[in-house]
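What follows is each chain in one-letter form.
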Amino acid sequence: MDDMPARAEAIEAFAAALRQLRKSVGNPPFREMSGRSGAISHTTLHEATKGNRLPSWETTVEFVKACGADPAAYRERWERANLAVRSAGAGLEAFATDVASQPPRPAGEIAGDVRPVPSAPGGRGRFRPVHPAAFAVAAVGVATAVLVAVAVNRGSGTDGPGLDPSESPSTTSLSAADCPVVPTSPPWSPPAHEGDSAKFIGDITLTDCTRVGPRQTVTKVWRLKNTGTVPWKGYSLHRLDLPQRPDQCQTVPDVPIKDTRPGEMVDIRTNITTPSKPGLCYVRFKMMEGSGRVAFPGGRPLNFQVIVG
């Protein structure tokens, strides 16, 4: 009996679990995850989510840790997937190899050029052949691997809230000299709700590069305007770089937004506690609509950036 379907299914299921984990913490850029790990390249992390091959356990550990989760919780499912891969025969061992030898980019580079592959129009996925090296295995009965492409929802062209996380720079290499950080704008795509739109009016408190002392608690206030036709009910801002590290500014993970009708402006406020270490605090949020989806998946992030010290 051909074990190929079971192998492909196991690999894709494990990749889907990794994608879901990354999504649950705000889809941080792969380069940012690489910086958090300090032991693995962003290309290796990206490859782990594609479903082309099963990542090594070492790669899995670094991926899960970069998302702030416990690798032990993923050990059993990795073992099951690895067993499915190995049971297909010795020729399939290449699919379980790692690309960890690829060097990471320099620390100061801007994240954003690694993006998921969109599915074909009107479809939820597509087939594509495996790496050319795998064709040598075809003689022993190995066909092509199934790649279920990630459907990319890039959101709206708003001025501030929401974001495509891959468009934001890594926070691991920023210093006070980098302030202000200017995120790039992703391509336009529709919001979660047709007719929804937002405009960033301004920073009411703590404009970019404001200096704040260490271990201080201050209040950040942004002002937005609902410029669409959809009422904001139950909306919030969700912090991206979770879990929060001790050397980062501390905030609540989710900042509620007061219900806002079309045409109205709203002030959104959160308390910030600065760390003891001097440097640049650059913290990003994305706007979530009432049911928990990203309201503007392709818009730039709403952020604050203060210099500590």
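The rules we used
- Residues numbered from 1 in each chain as written.
- Predicted model: local features only at pLDDT ≥ 70, side-chain atom pairs only at ≥ 80, totals over all residues.
- Heavy atoms only, no water.
- Helix = DSSP H or I, 4+ residues; strand = E, 2+ residues; numbered from the N terminus.
- Buried < 20%, exposed > 50% of the residue type's maximum accessible area, 1.4 Å probe, protein only.
- Contact = heavy atoms within 4.5 Å.
- Core = buried A, V, L, I, M, F, W, Y, C linked by side-chain atoms within 4.5 Å.
- Disulfide = S-S within 2.5 Å.
- Axes fitted to C-alpha atoms, helices over the stretch in contact; angles between N-to-C directions.
- Parallel < 35°, antiparallel > 145°, perpendicular 65-115°, else oblique.
- Nonpolar A, V, L, I, M, F, W, Y, C, P; charged D, E, K, R; others polar.

- You'll find the chain entered in an unreviewed UniProt entry as Nbr1 FW domain-containing protein, with Microbispora amethystogenes given as the organism.

**Notes on the environment of Phe14**
Consideration 1: On the secondary structure map, Phe14 appears in helix α1 (residues 4-24).
Consideration 2: Judged by its relative accessible area of 3%, Phe14 is buried.
Consideration 3: C-alpha of Phe14 to C-alpha of Arg53: the two residues are 39 residues apart in sequence and 9.7 Å apart in space.
Consideration 4: Filtering out sequence-adjacent residues up to four positions away, Phe14 remains in contact with Leu54, Pro55, Thr60, Tyr74, Arg77, Trp78 and Ala81.

**Describing the nonpolar core**
Here is a general trend for soluble globular proteins: nonpolar side chains tend to be buried in one another's company.
Consideration 1: Trp232, Leu237, Ile257, Ile268 and Met287 are the most contacted members of the largest nonpolar core, which totals 25 residues.
Consideration 2: Each residue touching Trp232, except ones within four places of it in the same chain, is listed here: Asp196, Ser197, Ala198, Leu224, Lys225, Asn226, Ile257, Lys258, Asp259, Thr260, Val266 and Met287.
Consideration 3: Core analysis: the next-biggest nonpolar cluster, separate from the first, contains 23 residues, Ile11, Leu54, Cys67 and Val85 among them.

**Considerations on the state of the cysteines**
Consideration 1: In total, this model carries two disulfides according to the counting rule given.
Consideration 2: The partner cysteine of Cys179 in its disulfide is Cys209, sulfur to sulfur 2.2 Å. Handedness here is read from the sign of the S-S torsion; for Cys179 and Cys209, about -105 degrees, the answer is left-handed. A residue pair is termed long-range when its members are at least 10 positions apart, and Cys179 in the loop between α5 (72-87) and β1 (198-203) and Cys209 in the loop between β1 and β2 (210-212) qualify at 30 residues.
Consideration 3: On the basis of relative accessible area, Cys179 is assigned to the buried category, the value being 15%.
Consideration 4: Paired through a disulfide, Cys249 and Cys281 show a sulfur-sulfur distance of 2.2 Å. Between Cys249 and Cys281 the sulfur-sulfur dihedral comes to about 110 degrees; the bridge is accordingly right-handed. Here the residue Cys249 occupies a position in the loop between β4 (236-239) and β5 (254-256), and Cys281 occupies one in strand β7 (residues 279-288), the gap between them amounting to 32 residues.

**Topic: helix α2 (residues 30-37)**
Three or four residues apart is the spacing at which side chains of an α-helix point the same way, because the helix has 3.6 residues per turn.
Consideration 1: Burial runs high along α2: six of the eight residues are buried.
Consideration 2: If you check which residues of α2 are buried, you get Phe30, Arg31, Glu32, Met33, Ser34 and Ser37.
Consideration 3: Once α2 finishes, Gly38 follows within two positions and takes phi at roughly 75 degrees, a positive value.

**Some thoughts on the packing of α2 against helix α4 (residues 57-66)**
Packed helix pairs are specified by the crossing angle of their axes together with the interaxial distance, meaning the distance between the axes.
Consideration 1: Packing of α2 against α4 leaves a shortest axis separation of 9 Å and a crossing angle of 100 degrees. Relative to α4, α2 is oriented roughly perpendicular. Residue-level inspection shows Phe30, Met33, Arg36 and Ser37 of α2 in contact with α4, the latter providing Glu62, Phe63 and Ala66.
Consideration 2: Each residue belonging to the contact of α2 with α4 can be placed in one class, and the counts come to four nonpolar, one polar and two charged.

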